[in-house]
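Below are the chains, spelled out letter by letter.
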Amino acid sequence: MSGSAITPWVVGNWKMNPMRADAKQLVQELKQLLQNQNIEESKCHIGVAPVALALETVQTQFSDCSRAVSIFAQDLSRVAGTGAYTGEISAELLKDSKIEYVLIGHSERREIFGDSPAVINEKIKNALNAGLTVIYCVGESLAQRENGQAEHTVLQQICDIAAVVQSEQWSNIIMAYEPIWAIGTGKTASPEDAQAMHAKIREGLSQITPAGKGIAILYGGSVKPENAVELAACPDINGALVGGASLNAEAFYQIAQAFANTK
Ligand code: PEP
């Protein structure tokens, strides 16, 4: 399977946003846009990642949508199962609430909350063992890019998880390449630079697992309707992880439409 034969994913990471009333309106607007002009499920998977508190509500709100919209948790516990772990949400608790998808390794988790590669590996292992599908985020800092270490950093982040992903579990991994300097900054990697890194990621994954050729690799970092078509045209960019623009229903819809139409 070549990179461009993969059905793209467009996933909105809502981060610590929005308030309940705004979230309700955002879902309503997105459902309306999809009802007016549907984006075929075979052309683009769509997902949103609300705050943990809103996962089940948003799931219920999308239950009568004209097409599937997958609900992603933004993180999960490094501890599996249930028990005396105040404040934590395990993979099993997510699964029990019919939340089947989770983001792991976002740079904000790594940088602000200190998620080390070891912690991320525990989270990946728990998620996959519970049967969840993971978007695993990788990406280099500006300093690493300027020092010529971007490729090494990203490939190392992929090798890190290879220690815990069983061979049959790679089909439950989606990759997201998110250069840290492009997240929330308005700066996007040029389509050429993004494609070059995605091709390296594809090559790295293919060396680790035969499933590597079929793994979706999303781009994230200031994706908006204005740059989505160009990014979608790159053969190894199989979708987008969208932060800021996903809080605007029309902008998010247009990004999904760009990937559905271009791929
Ligand atoms: C993100 O945080 O995953 C992200 C890509 O954010 P933004 O689109 O706002 O850069």
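Please read all numbers here as calculations on a predicted model, not as lab measurements. (Residues numbered from 1 in each chain as written. Predicted model: local features only at pLDDT ≥ 70, side-chain atom pairs only at ≥ 80, totals over all residues. Heavy atoms only, no water.)

Draft legend 1. Structural view of the pattern of salt bridges. Counted by the stated rule, this structure contains 10 salt bridges. One salt bridge in this structure joins Asp64 and Lys31, with 2.7 Å as the shortest N-O distance. Pair noted here: Asp64 is in the loop between helix 2 (55-61) and strand 3 (70-73) and Lys31 is in helix 1 (residues 20-36), with a separation of 33 residues, a long-range link. Here Lys31 falls in the buried class, since its relative accessible area comes to 18%. Asp236 is the partner of Arg202 in a salt bridge, and the nearest nitrogen-oxygen pair spans 3.2 Å. Placement of Arg202 in helix 8 (residues 191-208) and of Asp236 in the loop between helix 9 (225-232) and strand 8 (239-242) is noted, with a sequence separation of 34 residues between them. When sorted by exposure, Arg202 lands in the same class as Asp236, which is buried. Residues joined by salt bridges that share partners form a network here, namely Asp75, Arg109, Asp115 and Lys123. (Salt bridge = Lys/Arg side-chain N within 4 Å of Asp/Glu carboxyl O. Helix = DSSP H or I, 4+ residues; strand = E, 2+ residues; numbered from the N terminus. Buried < 20%, exposed > 50% of the residue type's maximum accessible area, 1.4 Å probe, protein only.)

Draft legend 2. Inspection of the state of the cysteines at higher detail. Overall, the coordinates contain 0 disulfides when judged by the stated rule. The closest cysteine sulfur to the non-disulfide-bonded Cys44 is located on Cys65, 13 Å from its own sulfur. Free cysteine: Cys234, not disulfide-bonded; nearest cysteine sulfur from Cys44 at 16 Å. (Disulfide = S-S within 2.5 Å.)

Draft legend 3. Representation of the packing of aromatic side chains in the model. Tallying each qualifying case throughout the model produces 4 aromatic pairs. Ring geometry for Phe72 against Tyr101: centres 4.8 Å apart, planes inclined by 35°, an arrangement best described as tilted. One end of the pair, Phe72, is in strand 3; the other, Tyr101, is in strand 4 (residues 101-104), with 29 residues separating them in the sequence. Across this residue pair, the class does not change: Phe72 and Tyr101 are buried. (Phe/Tyr/Trp six-rings, centres within 6.5 Å; stacked < 30°, edge-to-face > 60°.)

Draft legend 4. Seen up close, the site of the ligand. Lining the immediate surroundings of the ligand are 14 residues, of which Lys15, His106, Glu178, Gly184 and Ser222 lie closest. The backbone of Gly243 places a nitrogen or oxygen atom 2.8 Å from an oxygen atom of the ligand. Between Gly244 and the ligand, the recorded distance is 2.8 Å, taken from a backbone N or O atom to an oxygen atom. When the ligand sits alone it has 290 Å² of accessible area, and the protein chains cover 95% of it. Class assignment of the residues belonging to the shell around the ligand gives a composition of 4 nonpolar, 8 polar and 2 charged. (Near = heavy atom within 4 Å. Polar contact = N/O pair within 3.5 Å; in protein donor to acceptor, adjacent residues only side chain to side chain. Areas by Shrake-Rupley, 256 points an atom, 1.4 Å probe, with all protein chains shown as cover. Nonpolar A, V, L, I, M, F, W, Y, C, P; charged D, E, K, R; others polar.)

Draft legend 5. Region of the structure containing the pairing of strand 5 (residues 133-138). Burial within strand 5 is extensive, with 6 of its 6 residues counted as buried. Neither face of strand 5 is exposed, since Thr133, Ile135 and Cys137 on one face and Val134, Tyr136 and Val138 on the opposite face are all buried. Alignment of strand 4 against strand 5, held across 4 bridges, turns out to be parallel. Its bridge partner being in strand 5, Val102 is matched across the sheet by Val134. In terms of strand pairing, strand 5 meets strand 6 (residues 173-177) through 5 bridges, oriented parallel. Its bridge partner being in strand 6, Val134 is matched across the sheet by Ile173. (Pairing = 2+ DSSP bridges.)

Draft legend 6. The arrangement of the UniProt feature "binding site: substrate" (unreviewed entry) in the chain in detail. When the UniProt feature table is mapped onto this chain numbering, "binding site: substrate" (unreviewed entry) sits at Asn13, Trp14, Lys15, Gly184, Ser222, Gly243 and Gly244. Across 232 residues in sequence, these annotated residues keep their C-alpha atoms within 13.9 Å of one another, forming a single compact spot. Tracing the backbone through its elements, the reader meets Trp14 in the loop between strand 1 (9-13) and helix 1. When its relative accessible area of 2% is taken as the criterion, Trp14 is described as buried. (UniProt positions renumbered as here; feature names shortened; annotations may be inferred.)

Draft legend 7. How the structure looks around the UniProt feature "active site" (unreviewed entry) in the chain. What UniProt calls "active site" (unreviewed entry) maps, in this numbering, to His106 and Glu178. Spatially, the listed residues are clustered: although they cover 73 residues, their C-alpha atoms lie within 8.4 Å of one another. Mapped onto the elements, His106 comes out in the loop between strand 4 and helix 4 (107-112). Look at His106 and you get buried, because its relative accessible area is 5%.

Draft legend 8. Region of interest: the nonpolar core. Core analysis: the largest hydrophobic core is formed by 73 residues, its most contacted members being Ile124 and Phe259. In terms of residues, this core owes the most to one element, helix 10 (residues 249-262), which gives 9 residues. Beyond its immediate stretch of four places on either side in the chain, Phe259 contacts Pro8, Val10, Cys44, Ala228, Leu231, Ala232, Ile237, Gly239 and Ala240. Among the nonpolar cores identified, the runner-up in size contains 14 residues, and Ala49, Ile135, Ile174 and Ala176 belong to it. (Core = buried A, V, L, I, M, F, W, Y, C linked by side-chain atoms within 4.5 Å. Contact = heavy atoms within 4.5 Å.)

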